[in-house]
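Commentary on secondary and tertiary structure
Read off the chains here:
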Amino acid sequence: MTDTGADTGADAGRIVVGVSGSLGSLAALHHAVAEARRTDVEVLAVLCWTPPGEELGYRRVVGPPVIDAGRDAAVSRLRKALDEAFAGCYAGARLRCQAVRGETGHALVRCADRPGDVLVLGAGRERSRLSRLIRPSITAYCVRHATCPVLTVPRPPLQRDLEALERGHGFRELVAGN
C-alpha cells in the first residue's frame, strides 16, 4: 500500500499497530490513532501475512502468482479493516499502511525498530491451553523480543460478549441486559 501521510524522517518515533481486522486489532488501531493525534506522530498500520502453507510450504510448491495473490489479499484485508475502523473517513492522524510478509510476531517486531517507536497490539481472544501450545501468543512474543515499549489494548466489551455467546455462556445475561 502507499503512504497516506508525510514521512516524518528516519529518527522520529512512530506508533506501530498490528492490524488483522479482529475487534481487538481495531480497538488497538483506534487507540494508536488517538495517541498519534495527541502526540503528533505517525501511525504505521501493519497487517502481516504468509503464503498459503506458511513459509515452509512456499519453498516447496508455491510460485510467484500465488505470492502475488496472497499479497493482494492481504492489502485488501488491510484496506477493509481501515474502512471498518474509520467508516471510510479520514482518521485524523498521519497514517501509513503496510502489508508485510512474515510471521506476525517477528514481522511486527521488525517493523517497530526505530528509536522512539511504540508497538500497539490488541489483546487476543481467550484461548485454551492446547491452543496456546499449538500457536503461541503474538503479544507474548512481541513483549519478549521488541526493542521498544509494547502497549496491549484490552479486548473491547463487545468482543467479550461475542466470545461468551460462542462458548454458550452469557446468553441469558446478554439478553437480560445484565
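In case you missed it, the structure is sitting above this.
Given the structure is predicted, the values throughout are model-derived calculations rather than measurements.

A few words now on the pairing of strand 2 (residues 42-49). Counting buried residues in strand 2 gives 8 out of 8 residues, a clear majority hidden from the surface. Here strand 2 shows two buried faces, one formed by Glu42, Leu44, Val46 and Cys48 and the other by Val43, Ala45, Leu47 and Trp49. Alignment of strand 2 against strand 3 (residues 95-101), held across 7 bridges, turns out to be parallel. Residue pairing across strands places valine 43 opposite leucine 95, the latter belonging to strand 3.

Turning to the pattern of salt bridges, a few remarks are in order. One pass over the structure, following the stated rule, counts 7 salt bridges. Residues glutamate 35 and arginine 38 are paired through a salt bridge, measuring 2.5 Å at the closest nitrogen-oxygen approach. With glutamate 35 and arginine 38 both in helix 1 (residues 23-39) and 3 residues apart, this pair spans about one turn of that helix. Between arginine 96 and glutamate 42 there is a salt bridge, with its nearest N and O atoms 3.5 Å apart. Of this pair, arginine 96 sits in strand 3 while glutamate 42 sits in strand 2; the two residues are 54 residues apart in sequence, bridging distant segments of the chain. With respect to burial, arginine 96 and glutamate 42 carry one shared label: buried. Residues joined by salt bridges that share partners form a network here, namely Arg14, Asp113 and Asp117.

With that settled, the discussion passes to the environment of isoleucine 67. Its place among the elements puts isoleucine 67 in helix 3 (residues 64-86). Judged by its relative accessible area of 6%, isoleucine 67 is buried.

Among the secondary structure elements, valine 118 is positioned in strand 4 (residues 118-122). Taking the C-alpha atoms as reference points, valine 118 and glycine 13, separated by 105 residues in sequence, lie 7.5 Å from one another.

Criteria and thresholds
- Residues numbered from 1 in each chain as written.
- Predicted model: local features only at pLDDT ≥ 70, side-chain atom pairs only at ≥ 80, totals over all residues.
- Heavy atoms only, no water.
- Buried < 20%, exposed > 50% of the residue type's maximum accessible area, 1.4 Å probe, protein only.
- Helix = DSSP H or I, 4+ residues; strand = E, 2+ residues; numbered from the N terminus.
- Pairing = 2+ DSSP bridges.
- Salt bridge = Lys/Arg side-chain N within 4 Å of Asp/Glu carboxyl O.

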